[in-house]
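Each chain, letter by letter, is given below.
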Amino acid sequence: MGTVTAAIVGPGNIGTDLFEKLRRSDTIEVGYVVGVVESDGLARARDNGVAASADGVDWLLRQDPLPQLVFEATSAKAHVANAPRYEEAGIQAVDLTPAHLGPMVCPPVNGAEHLDSPNVSMITCGGQATIPIVHAVSRITPVPYAEIVASVSSRSAGPGTRANIDEFTETTARAVEEVGGAARGKAIIILNPVTPPMIMRDTVFCMISPDADRDAVTASIHDMIADVRQYVPGYTLRAEPQFDDPRPDWRDHGRVAVFLEVKGNGDYLPPYAGNLDIMTAAAAQVGEQMARAMVLSGANEVTA
Amino acid sequence: MRPELAHDVRITDTTLRDGSHAMAHQFTEEQVRDTVRALDRSGVDTIEVSHGDGIGGSSFNYGFSHTDEMKLIAAARDEAKQAKIAVLLVPGIGTVDHLRQARDAGADMVRVATHCTEADVSPQHFAAARDLGMETVGFLMMAHKTTPEDLAKQARIMVDAGCQCPYVTDSAGALLMHEAKARFEALVAEVGDEAWVGYHGHQNLSLGIANSVLAYEAGVRYIDGSVCALGAGAGNSPTEVLAAVFDRLGVSTGLDVLGLLETAENVVRPYLHRWPKMDRNAIIQGWAGVYSSFLLHAERAAERYKVPAHDILRRCGELGYVGGQEDMIIDVAIQLAAQGGTHATD
């Protein structure tokens, strides 16, 4: 089986953690790491024998061979500027920024549906942590409303997230609907500064019919946990799914509540930053799926 | 950029917002209209109306609103002749979109609330509020959780973003008098004459009124209360007591003491589900520094999982949970139950 050459654009904390994850890949070979200033991430890439430059995407697009896949961990603004250039050069993009230009992808839910898309969006960290569970419920029984609460350590919430926290809640809510399969979604994010830092926690509440098959819902959730654990080993249930009987203020619906902990792999980011880890792990997973599709179709042979 | 004050102290009544916690977010339009009419007649400067967790707070996690809060805000605006209408917005829960809806419904002021160390999530909302022509307040919640110096730095972030009055928000009712005073002084020194400083108290340790007096002496000019203390935990500093105490001190508030007592007796008391009080659970909240709105959620989880509410609350304090993490109450209850905490519920 051949490999696909990839580039990482934006070698900050996220990009560097992704670099560590992709180094373990059999299918993807990181050929280039690109920034706009010299950084630890670039130095780390060079230490590992990878071509790295602080001259940005201009430099990347001059390379021969070009990468077939680019992972972008810069900013929404940068990705909006770069995305058309990647597409023009025939490079598929996995977007970890909040630009959301391509279809929103969560690997165990719809990862296989967008393998040919020129650009895919990794949604948000809270989305990656919770949408698998919403889907696990909605594939068994209709979910008229789902709500997710993501609690992250203050230290793992960067300035970009803080400056536009509405982007998190609005994008995640939309993805709970469009990807998770709830008729209506809501998302909440809480930053907690406690020390030592708290490990990412997520709670998923799904409104369900009073006569929903609870055993089937529980089994589906367990299956999904196993699927996510393939790429985020620290993705665990804190307790069995909790079912509540219908209440008038829930429009006479019942509720299933799922309590999750997302402990990161500690590749480059600290383990408590499960919110960042699940983004890089999901991006690596999607990238691998795309790369395998390229290899199977022989697309990697054409340019590599 | 800070507004002129009509009186020595500007009182904001939060019966219809913080009180929403104690009412499990079940306020009706009629209750809101009656309350606003009475508060307006009693000289209250600003009346806050929102879901307890702010606009957009209606949810599984915090409780669904009985009546759409935008309808309640519009009703309040309709009844208030002189009073301004404020809304609470907690970034991460509510959004600029909710703020626009609230503005359209008639809100004059937004109070943007963040945990006391996380003020840098608020500038987006202050900027939007200024664009909408609204007055602005910043709530630094759980103010006992950081030092006076750091709290002042967080207040600075808010003021630089367009906040006209950062508040020392004692969400857990945990601040002892010297701790409250140090925070008031630090914020007043930091913001100078660029902004006012506010105080929002809870009665969990019975210090809301005493701290309000200290606040005034330290230069704080915006002070919150709730009629019948209706608010989370043991409730807020009762507005009618603030009126009486400031009147005796000769500090003008514009409040009509007898009118507020009438409001408390004949408007608010009849609809109370429960009169907030310093019971074991509420005192634990002040003592262990737990977000006051956790109270009803802890009581509900206690009943569901057969573990004592005060044990749940204490554990929430130990784990350092902050405002908004109501889901963790269920998690804690499940963990306590698994450890065999099968005491009778209280």
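Residues numbered from 1 in each chain as written. Chains lettered and ligands numbered in written order. Predicted model: local features only at pLDDT ≥ 70, side-chain atom pairs only at ≥ 80, totals over all residues. Heavy atoms only, no water.

Caption draft 1: A look at the interface of chain B and chain A. Across the boundary between the two partners, chain B contributes 37 residues, which contact 37 residues of chain A. One salt bridge in this structure joins A:Arg201 and B:Asp331, with 2.9 Å as the shortest N-O distance. If you list the elements that add at least two residues to the side of chain B that touches chain A, you get helix H4 (96–105), helix H5 (123–131), helix H12 (294–305) and helix H14 (327–338) of chain B. Counting residues per element, the side of chain B that touches chain A draws most heavily on H14(B), which supplies six residues. Split into classes, the residues belonging to the side of chain B that touches chain A amount to 14 nonpolar, 16 polar and seven charged. (Contact = heavy atoms within 4.5 Å. Salt bridge = Lys/Arg side-chain N within 4 Å of Asp/Glu carboxyl O. Helix = DSSP H or I, 4+ residues; strand = E, 2+ residues; numbered from the N terminus. Nonpolar A, V, L, I, M, F, W, Y, C, P; charged D, E, K, R; others polar.)

Caption draft 2: Geometry of the layout of surface pockets. Residue and element names in this part refer to chain A. Volume-wise, the largest pocket comes out at about 1000 Å³. Lining the largest pocket are 36 residues; nearest its centre among them are Ile14, Gly158, Gly160, Thr161 and Leu276. Looking at the lining of the largest pocket, the elements with two or more residues in it are helix H1 (13–22), helix H7 (159–163), helix H8 (165–178) and helix H10 (274–297). Its residues assigned to classes, the lining of the largest pocket shows 19 nonpolar, 15 polar and two charged. (1 Å grid on protein atoms, 1.4 Å probe; cavity = no way out; pocket = protein on both sides within 12 Å on 5 of 7 lines; lining within 4 Å. Points joined across faces, edges and corners; volume = space filled by probe spheres on them.)

Caption draft 3: Focus on helix H6 (residues 125–138) of chain A. All names here are of chain A. Helix length check: H6 (14 residues) gives 20 Å between terminal C-alpha atoms against 20 Å at 1.5 Å per residue, within 8%. The largest bend in H6 comes to about 30 degrees, at isoleucine 131, with the proline proline 132 one to four residues further on. Burial analysis of H6 places 13 of its 14 residues in the buried class, the great majority of the element. (Expected span 1.5 Å × (residues − 1). Bend = angle between axes of the 7 residues up to and from the residue. Buried < 20%, exposed > 50% of the residue type's maximum accessible area, 1.4 Å probe, protein only.)

Caption draft 4: Expanded view of the confidence of the model for chain B. Per-residue confidence for chain B gives a mean pLDDT of 97; residues scoring 70 or more make up 98%. The complex model carries a pTM of 0.96, and its ipTM stands at 0.96. (pLDDT = per-residue confidence, 0-100.)

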